[in-house]
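Coordinate analysis (summary)
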Amino acid sequence: MIYLDYQATTPLAPEAREAMLRWLADDGFANPHSAHAMGRAAKAAVEVAREQVAALFPPGGRVVFTGSATEAINLAIRGGPNGPVAVSAIEHAAVRDTARWFDADHELAVDADGLIDPEVPFPEGARLVAAMQVNNEIGTIQPVERLAERARAAGAWFLCDAVQGAGKLAAPAGADLIAVSAHKLHGPKGIGALWVRDGLQLSPIILGGGQEGGLRSGTLSPALCAGFGAAAKLALERREEDAAHVEMLWNEARAVLNRWTMNGSKTKRYKGNLNLRLNGLDVARLMSDCRRIMFSAGSACASGSGRPSHVLRALGLSDGEARSSIRLGFGRYTTRDELIEACRTIDAAAKAQGV
Ligand code: PLP
């Protein structure tokens, strides 16, 4: 098996697994909200992890642990200012569908390269503007710093979905709320975080015991927190090394797949994401012919729906072009040889289809 689906999820880092095991051991089960010694030890581990995760964000805010980035985004939008929400046309469903909760349908358009115009007009009276840092389907990097600056000038909060950029790019400066997910940076699934700028008043959407400063009730998992913290620390320590590795992989993959057309900007992008198309390609057949290679037909979040990707459509691609697109995602644990082998296999299988 060759795993090329890093945007859907990433392999667990051995360091993150190791950090988790301590809290899955016989004496690691205490409730971190209990006042006794075992509870306090678990709480201390959660707070160490919180500091490690906080290093992914700018200074001047606090980290609220959640069950996923989807939950963090729900907290930001549904617990945020009550009023019109404007989101980009290429946001993940976690943002798009939650924004629709306000019955608002203000989409910020993107150009044919999959980039939001940093000067795109915001709708009158918008209270919250959301744009992602790195798109999960096509890898484009959005001008979030400028959008955040303009949102603030317009009196709106700015939410950045940094799920695909966290630990890889610098934290989005100027945002009021930032959502991240552990499993996209080699941490465990089942935990995310919302960074909240100091002074912002959010309302909880999950009520109960008042954990996480009253913003997100529910007992935290020390194992998941510790795994997230270790993964965040490692990502920051290895940022340059990981980026150089990804760049090398990108060049190798592009060289093999040089006859394929790339979807999204060639320059303003995270290079661990390669979204490519070949007109006339039958992607379902390709996936079945290349069963040993784990890759995606468009976004994993949208796959199975049968609908063409809203991101590729926003770029102006026809349904046929969107349906003949694949996404290859690679990163820290992908080797050069396996990537080249996978790209050659995919290209040969496409040729066997006559495209
Ligand atoms: N935002 C983006 C850009 C994503 O890629 C994903 C996951 O695919 C999410 C949000 C949701 O993250 P989670 O799986 O933690 O809910």
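What this report covers is the structure whose coordinates are included nearby. (Residues numbered from 1 in each chain as written. Predicted model: local features only at pLDDT ≥ 70, side-chain atom pairs only at ≥ 80, totals over all residues. Heavy atoms only, no water.)

A few words on the overall build of the protein chain. Helix and strand content of the protein chain: 11 helices and 12 strands. Its C-alpha atoms give the protein chain a radius of gyration of 21 Å, near enough to 20 Å, the size a compact globule of 355 residues would have. When its C-alpha atoms are laid out on the principal axes, the protein chain stretches across 65 × 55 × 35 Å. Within the protein chain, the proportion of its 355 residues that are buried is 54%. Of the charged side chains in the protein chain, 39 are positive and 39 negative; the average position of the first set lies 2 Å away from that of the second. (Helix = DSSP H or I, 4+ residues; strand = E, 2+ residues; numbered from the N terminus. Rg over C-alpha atoms; globule rule 2.2 N^0.38 Å. Buried < 20%, exposed > 50% of the residue type's maximum accessible area, 1.4 Å probe, protein only. Lys, Arg positive; Asp, Glu negative; His and termini not counted. Charge placed at Lys NZ, Arg CZ, Asp CG, Glu CD.)

Turning to the site of the ligand, a few remarks are in order. Around the ligand, a shell composed of 13 residues is seen, among which Thr 70, Asp 161, Gln 164, Ser 181 and Lys 184 lie nearest. The side chain of Thr 70 places a nitrogen or oxygen atom 2.5 Å from an oxygen atom of the ligand. His 92 has a polar side-chain atom sitting 3.4 Å from an oxygen atom of the ligand. Across the complex, the protein chains shield 91% of the 390 Å² of accessible surface that the ligand would expose by itself. Of the residues contributing to the shell around the ligand, the split by class is 4 nonpolar, 7 polar and 2 charged. (Near = heavy atom within 4 Å. Polar contact = N/O pair within 3.5 Å; in protein donor to acceptor, adjacent residues only side chain to side chain. Areas by Shrake-Rupley, 256 points an atom, 1.4 Å probe, with all protein chains shown as cover. Nonpolar A, V, L, I, M, F, W, Y, C, P; charged D, E, K, R; others polar.)

Let's shift gears to the sheet that holds strand β3 (residues 85-88). Read from one edge of the open sheet, 7 strands run β2-β8-β7-β6-β5-β3-β4, paired in mixed fashion. The sheet terminates laterally at β2 (61-66) and β4 (106-108), the two strands that pair on one side only. In this sheet, neighbouring strand axes are inclined to one another by 20° on average, regardless of whether the strands run parallel or antiparallel. Across 5 bridges, the pairing between strand β5 (residues 128-132) and strand β6 (residues 157-161) is parallel. Across the sheet, the residue bridging to Leu 128 is Trp 157, located in β6. Most of the contacts of helix α5 (residues 144-153) go to β6, to which it runs at about 160°, and overall it touches β5, β6 and β8 (192-197). (Pairing = 2+ DSSP bridges. Axes fitted to C-alpha atoms, helices over the stretch in contact; angles between N-to-C directions. Contact = heavy atoms within 4.5 Å.)

Moving on, we come to helix α6 (residues 222-237). Between the first and last C-alpha of α6 there are 22 Å, a value that for 16 residues agrees with the 22 Å anticipated at 1.5 Å per step. Most of α6 is tucked away: 12 of the 16 residues are buried. When we look at burial in α6, the residues that qualify are Pro 222, Ala 223, Cys 225, Ala 226, Gly 227, Phe 228, Gly 229, Ala 230, Ala 231, Ala 232, Leu 234 and Ala 235. Check the buried side of α6 and you find it contacts α1 (14-21), α2 (37-54), β2, β7 (177-181), β8 and α7 (239-256). (Expected span 1.5 Å × (residues − 1).)

Right, let's get into the sheet that holds strand β12 (residues 325-329). One open sheet holds the 3 strands; their spatial order is β9-β10-β12, and the pairing between them is antiparallel. The open sheet has two edge strands with one neighbour each: β9 (261-262) and β12. Two strands pair when backbone bridges link them, and strand β10 (residues 273-277) and β12 are joined in this way by 5 bridges, in the antiparallel orientation. Residue pairing for β12: Asn 275 is matched across the bridge by Arg 327. Packing of α7 onto the sheet brings it into contact with β9 and β10, and relative to β10 it is tilted by some 10°.

Let us now look at the environment of Thr 267. On the secondary structure map, Thr 267 appears in the loop between β9 and β10. Counting along the chain gives 191 residues from Thr 267 to Ala 76, while the straight-line C-alpha distance between them is 30 Å.

Here we take up the packing of α2 against α6. The N-to-C vectors of α2 and α6 enclose an angle of 30°; their axes lie 8 Å apart at closest approach. It follows that α2 is roughly parallel to α6 by the angle criterion. Handedness of the crossing formed by α2 with α6: left-handed. Residues Ala 42, Val 46, Ala 49, Gln 52 and Val 53 of α2 form the contact with α6, whose participating residues are Pro 222, Cys 225, Ala 226, Phe 228, Gly 229, Ala 230, Ala 232 and Lys 233. In terms of residue class, the contact of α2 with α6 is built from 10 nonpolar, 2 polar and 1 charged. (Parallel < 35°, antiparallel > 145°, perpendicular 65-115°, else oblique. Left-handed = near helix turned anticlockwise from the far one by under 90°.)

This brings us to the packing of α7 against helix α11 (residues 336-352). Remark: α7 packs on α11, axes separated minimally by 9 Å, with the N-to-C direction vectors making an angle of 25°. In terms of orientation, α7 lies roughly parallel with respect to α11. Once α7 is placed against α11, the crossing between them reads as right-handed. Mapping the contact onto sequence places Met 248, Leu 249, Glu 252, Ala 253 and Val 256 in α7 and Arg 336, Leu 339, Ile 340, Cys 343, Arg 344 and Asp 347 in α11. For the contact of α7 with α11, the residue count by class is 7 nonpolar, no polar and 4 charged.

Taking 1.5 Å per residue as the helical rise, α11 with its 17 residues ought to reach 24 Å, and the 24 Å between its terminal C-alpha atoms agrees with that figure. Among all positions in α11, only Leu 339, Ile 340, Ala 342, Cys 343, Ile 346, Asp 347, Ala 349 and Ala 350 are buried. For α11, the secondary structure elements touched by its buried residues are β1 (2-3), α7, α8 (283-289), β11 (293-294) and β12. With its phi angle positive at about 85°, Gly 354 sits one or two positions after the end of α11.

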